[in-house]
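Chain by chain, the residues run as shown.
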Amino acid sequence: MLCFLDSDEGRLFVFGRKGDVISRGIVLIYPAWIERPISAHPHVLEVMAVPVPDDVNIQNVCVCLVKQPDSDLSGDDVKEYLRTTMTDGGNGLFVVDHVLFFEDQLPNLSRVKLGELAAEKLALK
C-alpha cells in the first residue's frame with residue numbers, strides 16, 4: 001500500500017497499491033491521479049487507467065472508460081479535459097496516450113488483465 005500520514009491532522013492518504021503504479025519513463029503515475037479527475041467528467045460512467053507496454057517509455061497510460069449513453073465524448077475530449085483539470089498545470093506529467101471506449105461496462109478484471117486487454121486492442125488497431 002502506498003500512503004502517507006499527515007502528522008498535523010492525523011489523516012492517512014492512500015494512493016493505491018505499489019503494483020498499480022504506471023512507469024512512464026522516469027515518471028511514476030498512480031492510476032487514481034488520472035481516474036479521479038476523469039470520473040468527475042459529466043459524460044463518464046466508469047474509468048480505469050492501466051499501463052500498456054511501450055518501447056520508449058517502458059509503459060504508456062491507457063484510459064479505459066464507459067461514457068454516458070448518447071454521449072459524443074471523444075478520446076481527444078478526454079485528453080483535453082484531463083490536461084485542463086490536472087494539478088500539474090498541464091505541463092505534461094500526466095499524459096494519457098490512449099483512450100479506449102467500452103460499450104456497457106468495463107470488463108470485471110484486475111488492472112493487470114484489463115491492461116493486457118487494452119494492449120491487445122491497441123495492437124489490433
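Up top is the structure.
From a predicted model like this one, the values you see are computed outputs, not experimental measurements.

Draft legend 1. Local environment of the environment of Leu82. The topology assignment puts Leu82 in helix H2 (residues 75-85). Taking the C-alpha atoms as reference points, Leu82 and Val95, 13 residues apart in sequence, are found 8.5 Å from one another.

Draft legend 2. Main features of the packing of helix H1 (residues 31-39) against H2. Put simply, H1 and H2 touch, their axes get as near as 10 Å, and they point 105° apart. Taken together, the axis directions place H1 and H2 in an arrangement best described as roughly perpendicular. Note on element contacts: H2 touches H1 through Val78, Tyr81, Leu82 and Thr85, opposite Ile34, Pro37 and Ile38. In terms of residue class, the contact of H1 with H2 is made up of 6 nonpolar, 1 polar and no charged.

Draft legend 3. How the structure looks around the side chain of Ser71. Tracing the sequence through the fold places Ser71 in the loop between strand S6 (58-67) and H2. In this structure Ser71 comes out as buried when scored by relative accessible area, which is 12%.

Draft legend 4. View of the environment of Tyr81. Examined against the element boundaries, Tyr81 turns out to sit in helix H2. Linking Tyr81 and Ile38, residues 43 residues apart in sequence, is a C-alpha distance of 7.5 Å.

Draft legend 5. Geometry of H2. For H2, every residue scored as buried is listed here: Gly75, Val78 and Leu82. Viewed along the axis of H2, the buried residues span an arc of 60°, placing them on a single side of the element. Looking at the buried positions of H2, the neighbouring elements they touch are H1, S6 and strand S7 (98-101).

Draft legend 6. Layout of the pairing of strand S5 (residues 44-54). The pairing of S5 with S6 spans 10 bridges and is antiparallel. In the strand pairing of S6, Val44 is matched with Lys67. Counting the residues between successive antiparallel strands, the hairpin from S5 to S6 contains 3 residues.

Draft legend 7. The arrangement of the side chain of Asn60 in detail. The topology assignment puts Asn60 in strand S6. A polar contact of 3.1 Å, which involves the side chain of Asn60, links it to the side chain of Asp54. Not counting the four nearest positions on each side in its chain, Asn60 is found in contact with Ile22, Arg24, Val50, Pro51, Val52, Asp54, Asp97 and His98.

Draft legend 8. A look at the environment of Ile22. With respect to the helices and strands, the residue Ile22 is situated in strand S3 (residues 22-24). Expressed as a C-alpha distance, the spacing of Ile22 and Pro51, which sit 29 residues apart in the sequence, is 5.6 Å. Beyond its immediate chain neighbours, meaning those up to four positions away, Ile22 contacts Val27, Leu28, Ile29, Pro31, Ala49, Val50, Pro51, Gln59, Asn60 and Val61.

Draft legend 9. Examining the packing of aromatic side chains more closely. Applying the stated criterion to the full structure yields 1 aromatic pair. When the ring of Tyr30 is compared with that of Trp33, the centres are 4.5 Å apart and the planes differ by 75°; the resulting orientation is edge-to-face. A relative accessible area of 16% means that Tyr30 is categorised as buried. For Trp33, a relative accessible area of 27% corresponds to the partly exposed category. The ring centre of Phe101 lies 4.7 Å from the NZ or CZ of Lys67, which sits over that ring.

What counts as what
- Residues numbered from 1 in each chain as written.
- Predicted model: local features only at pLDDT ≥ 70, side-chain atom pairs only at ≥ 80, totals over all residues.
- Heavy atoms only, no water.
- Helix = DSSP H or I, 4+ residues; strand = E, 2+ residues; numbered from the N terminus.
- Axes fitted to C-alpha atoms, helices over the stretch in contact; angles between N-to-C directions.
- Parallel < 35°, antiparallel > 145°, perpendicular 65-115°, else oblique.
- Contact = heavy atoms within 4.5 Å.
- Nonpolar A, V, L, I, M, F, W, Y, C, P; charged D, E, K, R; others polar.
- Buried < 20%, exposed > 50% of the residue type's maximum accessible area, 1.4 Å probe, protein only.
- Arc of directions from axis to C-beta.
- Pairing = 2+ DSSP bridges.
- Polar contact = N/O pair within 3.5 Å; in protein donor to acceptor, adjacent residues only side chain to side chain.
- Phe/Tyr/Trp six-rings, centres within 6.5 Å; stacked < 30°, edge-to-face > 60°.
- Lys NZ or Arg CZ within 6 Å of the ring centre and 35° of its normal.

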